[in-house]
Amino acid sequence: MKTLVYTSTLGLVCMLAEMLNLRKFILPVAVLGLLVIFGFNVTSWDVNQAYFNNMVVIDNFSVAFSGLLLMLGVFVLILSGDFYKNEESKISDYLAITIFTLCGALALVSFGNMAMFFLGIEVLSISLYILAGSKRKDIRSNEAAMKYFLMGSFASGILLFGIALVYGETASFDIQGIAEYTTNNTPTGMFYVGVGMILVALLFKVSAAPFHFWAPDVYDGAPTLTTATMATIAKISAFAAFYRLFSSSLLVAMPTYAWVLSAVTALTMLVGNFSALNQDSFKRMLAFSGISHAGYLLLAIVSVYNKTDNALFFYSLAYGVASIAAFAVAIVVAANVGSDKFEAFNGLGKRKPLLAAALTIAMLSMAGIPPFAGFFGKYYIFSEAIKAGHLGLVLLAVVNSIIGVYYYFKVIVAMYTKESSEVTFTVKPAYGFVIAVCILLSLVAGIYPKLFTGLL
């Protein structure tokens, strides 16, 4: 509970600092504040407690995912200082909205009530709508914000209808109350229709096919740092909420929708990977890559009967740090070369060998190549899916992982085998720090995976 309250307060402090003309102190205070909140979050380990009539639930699941989200939030804030250097007068707005995005994500991983679940999604989504359109004079940013807003609004409406139908059946918004009702009673068709609508809304939020059409355009048009936030903090928190909801109160509906989830999982992996093959933009490739990773993460939801929370957490960690590193390198390259096409990475291995090595590790981790964290992330999720009897989906996932290697290697080949134009290349210390920490985490999690497994 302290984590959510203190993070919300930090967002207000950023807004207040602007009013007091303390703009130059906002970024260090925000980063230091999140680090302190991370410490408070760790002290909540093994504390199982509910607050405000079960609106917020603190358990190891919420603490672990909150810690991961806070860590990713720190990385995003550190990158913000240089990314928004030309808009210093608005830096407090960007930082405050980013922190409020994090607040919505924290609510999503610790809700105990459907009302808090909906509030978390809305706080997260509204903040991202603003950030996606923050480049007011860029038509692609405007288009991204409009598409995201319209599609997100429809998804929110469907979600509300679904929650209303579940409430109409169970007379409760509390996830424990809903679970007790389904245990002691036989739900009617209204309950299953409500669950189906909630499922559709969540599939939209995690950009699963065929509800993914907004993602490539929004990811491509939004500022790159906002895209990184969507691909990591938003996606990971949505999957954590997905798991919490369906592993507790809506578990009874899983047999009914198992075939739907299985079909969506297969389609998401196929669409994400085959679409990524044809991209010439690194940023857009990462967007479709994110869709394919949503397919792998859905394996944990399909196999929810087997308690897949540890596998979900480890994969989220591996995916999150690799994505932040990749987006940070993309921002550096775009700032120096002026493009995010694959050609912009030509010769990076000669110009900036350490930067190229970092991006190579990030790509190899995403591809699931040992000894990096992404390999064990896929191994744990695939193992749980096989235990749950989804051998066919796992075989399809393995084939898709092999396909993914091809487009991840496109950028690696460009960095090490192609000639580049002579461009003065500089890397800001903040970017170097974030990239180094993310790569170190990917290596540590890959070499010593037991440090992060078995936590939940």
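Predicted model, so just to flag it, every value in this text is computed and none were measured. (Residues numbered from 1 in each chain as written. Predicted model: local features only at pLDDT ≥ 70, side-chain atom pairs only at ≥ 80, totals over all residues. Heavy atoms only, no water.)

A. Main features of the side chain of N346. With respect to the helices and strands, the residue N346 is situated in the loop between α13 (309-337) and α14 (348-351). Excluding its chain neighbours within four sequence positions, the residues that come into contact with N346 are R351, A414, K418, E419 and S420. (Helix = DSSP H or I, 4+ residues; strand = E, 2+ residues; numbered from the N terminus. Contact = heavy atoms within 4.5 Å.)

B. Examining the packing of aromatic side chains more closely. Per the counting criterion, the structure on display carries 23 aromatic pairs. Arranged with centres 5.5 Å apart and planes meeting at 85°, the rings of F191 and Y192 form a pair that is edge-to-face. For the ring pair F242 and F246, a centre distance of 5.2 Å and an interplane angle of 50° mean the geometry is tilted. Linking F242 with F246, this pair stays in helix α10 (residues 224-247), spanning four residues, or about one helical turn. Here the two residues F242 and F246 agree in accessibility, since each one is buried. Feature note: the residues Y129, Y148, F149, F204, W214 and Y219 constitute an aromatic cluster, connected by ring pairs. (Phe/Tyr/Trp six-rings, centres within 6.5 Å; stacked < 30°, edge-to-face > 60°. Buried < 20%, exposed > 50% of the residue type's maximum accessible area, 1.4 Å probe, protein only.)

C. Molecular detail of unusual backbone geometry. P210 follows A209 through a cis peptide bond whose omega is 5°. Position of P210 among the secondary structure elements: in the loop between α8 (189-205) and α9 (214-221). Looking along the chain, the bond that leaves P370 and enters P371 is cis, with omega of 10°. With respect to the secondary-structure elements, P371 resides in the loop between α15 (353-367) and α16 (373-387).

D. How the structure looks around the nonpolar core. Within the largest apolar cluster, 171 residues are counted, with the highest numbers of intra-cluster contacts made by F117, F242, L245, F282, F345 and M363. It is α13 that provides the largest number of residues to this core, a total of 20 residues. Look past the residues within four positions of F345 in its chain and what remains in contact with it is F282, V329, A330, V333, D340, R351, L359, V411, A414 and M415. (Core = buried A, V, L, I, M, F, W, Y, C linked by side-chain atoms within 4.5 Å.)

E. Representation of the packing of helix α11 (residues 254-277) against helix α12 (residues 282-302) in the model. Direction vectors running N to C along α11 and α12 enclose 155°, while the axes themselves pass 8 Å from each other. In terms of orientation, α11 lies roughly antiparallel with respect to α12. The way α11 lies across α12 gives a crossing that is left-handed. Seen from α11, the contacting residues are M254, L261, S262, V264, T265, T268, M269, G272, N273, S275 and A276; seen from α12, they are M285, F288, S289, I291, S292, A294, G295, Y296, L298, L299, I301 and V302. When its residues are assigned to classes, the contact of α11 with α12 shows 14 nonpolar, nine polar and no charged. (Axes fitted to C-alpha atoms, helices over the stretch in contact; angles between N-to-C directions. Parallel < 35°, antiparallel > 145°, perpendicular 65-115°, else oblique. Left-handed = near helix turned anticlockwise from the far one by under 90°. Nonpolar A, V, L, I, M, F, W, Y, C, P; charged D, E, K, R; others polar.)

F. Main features of the packing of α15 against helix α18 (residues 429-447). Between α15 and α18, the shortest axis-to-axis distance is 10 Å and the interhelical angle comes to 40°. In terms of orientation, α15 and α18 fall into the oblique class. For the pair α15 and α18, the crossing hand works out as left-handed. Between α15, through L355, A358, I361, A362 and S365, and α18, the contact on the second element is made entirely by I435, I439 and S442. Here the contact of α15 with α18 is composed, by residue class, of six nonpolar, two polar and no charged.

G. Molecular detail of the pattern of salt bridges. In this structure the tally under the stated criterion is ten salt bridges. For D217, the salt bridge is made with R284, and the minimal N-O distance between the two is 3.1 Å. Pair noted here: D217 is in helix α9 and R284 is in helix α12, with a separation of 67 residues, a long-range link. We classify D217 as partly exposed; its relative accessible area is 27%. Put simply, R140, E143, K147, D217, D220 and R284 are held in one network by salt bridges that share partners. (Salt bridge = Lys/Arg side-chain N within 4 Å of Asp/Glu carboxyl O.)

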